Amino acid sequence: MDDKKFYVSYNSVHKLVKKLSGELLASGYDPDVIVAIGSGGFIPARIMKTFINRPIYAVGISYYGIDKKHKDHPTKIQWIDEVQSQLEGKKVLLIDEVDDTRATLAYCVGELLKFSPEEIAVLVLHNKNKEKDVEFPVEIKRYFAGMELADLWIKYPWDADDIEVHTDNEKQMLDALAKEGKELYT
Ligand code: G4P
Ligand code: MG
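Residue numbering note: each chain is counted from 1, following its sequence as written. Key to labels: chains lettered from A, ligands numbered from 1, both in the order written. Since the coordinates come from a predicted model, pLDDT governs what is reported: local features require at least 70, and pairs of side-chain atoms require 80 or more to be given and counted, while whole-chain, interface and lining totals use all residues. Computation of side-chain values: all heavy atoms of the structure, hydrogens and water removed.

## Here's the deal with the overall build of the chain
Counting its secondary structure elements, the chain contains four helices and eight strands. Taken from the N to the C terminus, the helices and strands of the chain come in the order β-α-β-α-β-β-β-α-β-β-β-α. Atoms considered for the radius of gyration are the C-alpha atoms alone. The globule rule reads 2.2 Å times the number of residues to the power 0.38. The C-alpha atoms of the chain give 17 Å as radius of gyration, which agrees with the globular expectation for 186 residues (16 Å, within 12%). Dimensions of the chain, computed from the C-alpha atoms along their principal axes, are close to 50 × 40 × 30 Å. Accessibility here uses a 1.4 Å probe with only protein chains present; expressed as a share of the type maximum, an area under 20% marks a residue as buried, one over 50% as exposed, and anything in between as partly exposed. Within the chain, the fraction of its 186 residues that count as buried is 45%. A contact between two residues is defined here by any heavy atoms of the two lying within 4.5 Å. Put simply, 67% of the contacts in the chain that link residues at least 6 apart link residues at least 24 apart. His is not counted, nor are the chain ends; Lys and Arg add positive charge and Asp and Glu add negative charge. All charge positions are set by atom: Lys at NZ, Arg at CZ, Asp at CG, Glu at CD. Taking the 25 positively charged and 32 negatively charged side chains of the chain as two groups, their mean positions are separated by 2 Å. Under the scheme used here, helices are H or I runs from DSSP no shorter than 4 residues and strands are E runs no shorter than 2 residues, and both carry numbers assigned from the N terminus.

Here is the structure:
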C-alpha cells in the first residue's frame, strides 16, 4: 500500500454518490438530465441515476488523446451530437469523478453552455483543495463535492488491477484514520 495515495472502493463511491444525491435534493436542484464526463464520470453518473433517475448523456473529454500523449488543452474525444438540442432550457447535472486542476471540468462547462441549458450544476466525488488552473464561468451557481481532499493521488476502484487488494488497501487506510478519530464515511 502507498501511504501517499487515497484509496476509494466501489462501496465508498456508492456511499458518496448517495450522500450527494441527498444534498442535491436538499438544495432544491432537480436536474432534467445528467451529463457524464468520461471516463471517470461514467460510473458515478450511473450510480446517481439509481437515486435521481434521470437520463444520462456521455461526453468524452481528456487532456490525453487516444495516442496517450498529453495535449496543451483538454480536447473532445466524443461529444453530444444529435442529442445536443436536448440540453436547451434544461437543468443539467454535470458529473465527473474528481475536480483536480479544474481544466477539464471548466472546459466542458463552457462547451455545454453553448447549448443554452437553463442551468448547469457541477457534481464530483472528490475536490482537491489546491489552487485551480481555471475557474468556473459565473453561470455555475451550484457545486457539489462528495469529499474535500488534500492534493493526493486518488486510487479509484475502476483502475485497480486486483480489486480485492485495492479494497483491502482502502480498509487499512480507513482503519488508520479511524484510530486518529477521523471517520470519512458515516
Ligand atoms: P479536472 O477538470 O477534473 O480537474 O481534471 P484535470 O484536467 O485536472 O485532470 C486530468 C486527468 O487526470 C483527468 O482524467 C482526471 O480524471 C485525472 N485525475 C486527476 N487527479 C486524479 C487523481 O487523483 N486520481 C485519478 N485516478 N485520476 C486523476 P481524464 O483525462 O479525464 O481521463 P479519465 O481517467 O477520466 O478517462
Ligand atoms: Mg476524468
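## Quick look at the pairing of strand S2 (residues 33-38)
The buried count for S2 comes to six of six residues, which makes it a mostly enclosed element. Neither face of S2 is exposed, since Val33, Val35 and Ile37 on one face and Ile34, Ala36 and Gly38 on the opposite face are all buried. Two strands pair when backbone bridges link them, and S2 and strand S5 (residues 91-99) are joined in this way by four bridges, in the parallel orientation. By the bridge assignment, alanine 36 is partnered in S5 with isoleucine 95. Should DSSP find at least two bridges between two strands, the strands are taken to pair.

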